[in-house]
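# Per-entry structural report
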Amino acid sequence: MHYDVLLSDSEKMLDKVGRYEFLAEPFHCDFSQHLFMGHLGNHMLNAADFHSNDRGFGMKYLLSVGRAWVLSRLAIEMDEMPAMYTKFRVETWVESAMRFFTNRSFRVVADEPDGQEHVYGYGRSIWAMIDTDTRQPCNLLDIRDGDLVNWVVKDKHNPMASLSRVRMDNEAQLVHTIDTFYNDVDINGHINSVKYIEHVLDLWPIEWYRNHSIRRFDIAYVAESHQGDRLSFYREQTADNEFCVRICKDGGTEVVRSKVVFISRFVV
């Protein structure tokens with residue numbers, strides 16, 4: 001039976017692009033009264049979850065059949081962050097769907113009083129599907145007779161640069177080590193994707209952020225880590241205002257690799 005016959009009338013009427021409203025709540029903002037990058041990442045992941053659930057291929061359905069989405073890579077590129085109390089929306093759509101990975105895009109935008117759109121920035125992500133028992137990758141096209149491909153959007157442009165591999169050498173210096181606890185763990189039982197973002201960005205002191213803002217953040221999730229793992233952070237500067245960070249767990253296994261590009265807050 002083709003999945004289309006299982007769709008409700010409301011599902012059949014849904015746009016391929018999801019649009020979800022958020023608010024830059026004051027306790028989700030930093031000292032500059034702008035949204036934390038970690039909270040923006042969380043909003044993007046929520047938008048992805050809402051979008052997929054509404055269309056029948058989200059976690060609500062997948063967990064019932066022993067499957068789950070896992071985030072493989074995420075990049076966020078922002079011209080500016082939403083200010084405190086700003087109402088904005090995250091738009092999200094599926095760019096492509098292959099056997100083991102799907103590419104999803106994001107756009108962060110608000111409506112101006114004159115009816116024009118104010119675009120804050122964009123995001124790109126790659127997702128895989130795993131068997132929740134074996135933790136091994138699954139074929140995305142086995143779910144709902146491959147209906148995911150029917151939601152691919154081919155004519156919506158994302159202008160940010162494509163995802164690229166974060167390259168590091170052996171010169172990175174150990175700069176921080178942390179323990180992991182209950183609040184670090186997500187519904188899949190491993191360390192939360194957004195927690196890694198927050199831990200990486202904590203490597204710079206607040207004085208740095210008084211003079212710099214984040215232009216682009218890339219993160220690749222290489223392996224799982226779990227509550228109780230001790231995480232070590234290795235950092236190297238790869239260009240002016242550009243840094244790469246490797247996170248390893250006990251025993252030296254690399255679990256995350258990321259890159260942060262900053263820009264000066266004040267241009268003289």
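Right, let's walk through the structure included here. (Residues numbered from 1 in each chain as written. Predicted model: local features only at pLDDT ≥ 70, side-chain atom pairs only at ≥ 80, totals over all residues. Heavy atoms only, no water.)

### Let's talk about the packing of aromatic side chains
- Summed over all chains, the structure comprises nine aromatic pairs.
- Centroid distance tyrosine 196 to tyrosine 221: 5.9 Å. Interplanar angle 55°. Geometry classified as tilted. Residue tyrosine 196 is found in helix H4 (residues 193-201), and its partner tyrosine 221 is found in strand S7 (residues 212-221); the two are separated by 25 residues along the sequence.
- Judged by relative accessible area, tyrosine 221 falls into the buried class, the value being 14%.
- Residues tryptophan 208 and phenylalanine 262 carry aromatic rings whose centres are separated by 5.4 Å and whose planes lie at 80° to one another, so their mutual orientation is edge-to-face. Note that tryptophan 208 is positioned in helix H5 (residues 206-211) and phenylalanine 262 in strand S10 (residues 254-264), a separation of 54 residues in sequence.
- Linked through ring pairs, Trp204, Trp208, Tyr209, Phe243 and Phe262 together constitute an aromatic cluster.
- Over the ring of tyrosine 61 we find arginine 144; its NZ or CZ atom is 3.6 Å from the centre of that ring.
- Its end group placed over the ring of phenylalanine 31, arginine 210 keeps NZ or CZ at 5.1 Å from the ring centre. (Phe/Tyr/Trp six-rings, centres within 6.5 Å; stacked < 30°, edge-to-face > 60°. Helix = DSSP H or I, 4+ residues; strand = E, 2+ residues; numbered from the N terminus. Buried < 20%, exposed > 50% of the residue type's maximum accessible area, 1.4 Å probe, protein only. Lys NZ or Arg CZ within 6 Å of the ring centre and 35° of its normal.)

### Things to note about empty space enclosed by the protein
- Within this structure, the stated rule accounts for one cavity of 30 Å³ or more.
- In this model, the largest cavity occupies a volume close to 40 Å³.
- Listing elements by their share of the lining of the largest cavity, those giving two or more residues are strand S2 (67-78) and S7.
- Top contributing element to the lining of the largest cavity by residue count: S7, with three residues.
- When the residues that make up the lining of the largest cavity are grouped by side-chain class, the tally is five nonpolar, one polar and two charged. (1 Å grid on protein atoms, 1.4 Å probe; cavity = no way out; pocket = protein on both sides within 12 Å on 5 of 7 lines; lining within 4 Å. Points joined across faces, edges and corners; volume = space filled by probe spheres on them. Nonpolar A, V, L, I, M, F, W, Y, C, P; charged D, E, K, R; others polar.)

### So, the side chain of threonine 102
- With respect to the helices, strands and loops of the structure, threonine 102 is situated in strand S4 (residues 102-111).
- The buried category is assigned to threonine 102, whose relative accessible area is 5%.
- At 2.7 Å, the side chain of threonine 102 and the backbone oxygen of serine 96 are in polar contact.
- Apart from the residues within four sequence positions on either side, threonine 102 is in contact with Trp69, Val94, Ser96, Ala97, Ser125, Ile126, Trp127, Leu140 and Leu148. (Polar contact = N/O pair within 3.5 Å; in protein donor to acceptor, adjacent residues only side chain to side chain. Contact = heavy atoms within 4.5 Å.)

### Here we look at the sheet that holds S4
- Strand order in this open sheet of 10 strands is S1-S3-S4-S5-S2-S7-S10-S9-S8-S6, and the pairing throughout is antiparallel. Both edges of this open sheet fall to strand S1 (18-23) and strand S6 (173-179), since each of them pairs with a single strand only. Strand-to-strand twist across the sheet, computed as the mean angle between neighbouring axes with direction ignored, equals 25°.
- One ladder, built from 11 bridges, connects S2 with strand S5 (residues 117-131); its direction is antiparallel. (Pairing = 2+ DSSP bridges. Axes fitted to C-alpha atoms, helices over the stretch in contact; angles between N-to-C directions.)

### Concerning the nonpolar core
- Formed by 63 residues in total, the largest nonpolar core has its most connected members in Met37, Leu40, Trp69, Phe88, Tyr196, Trp204 and Ile247.
- The leading source of residues in this core is S2, at seven residues.
- Not counting residues within four places of it along the chain, the set of residues in contact with tryptophan 204 comprises Tyr209, Arg235, Phe243, Val245, Val260 and Phe262. (Core = buried A, V, L, I, M, F, W, Y, C linked by side-chain atoms within 4.5 Å.)

### Comments concerning the pattern of salt bridges
- Within this structure, the stated rule accounts for 18 salt bridges.
- The network of salt bridges with common partners includes Asp15, Arg19, Arg89, Glu91, Arg107, Asp111, Glu117 and Lys156. (Salt bridge = Lys/Arg side-chain N within 4 Å of Asp/Glu carboxyl O.)

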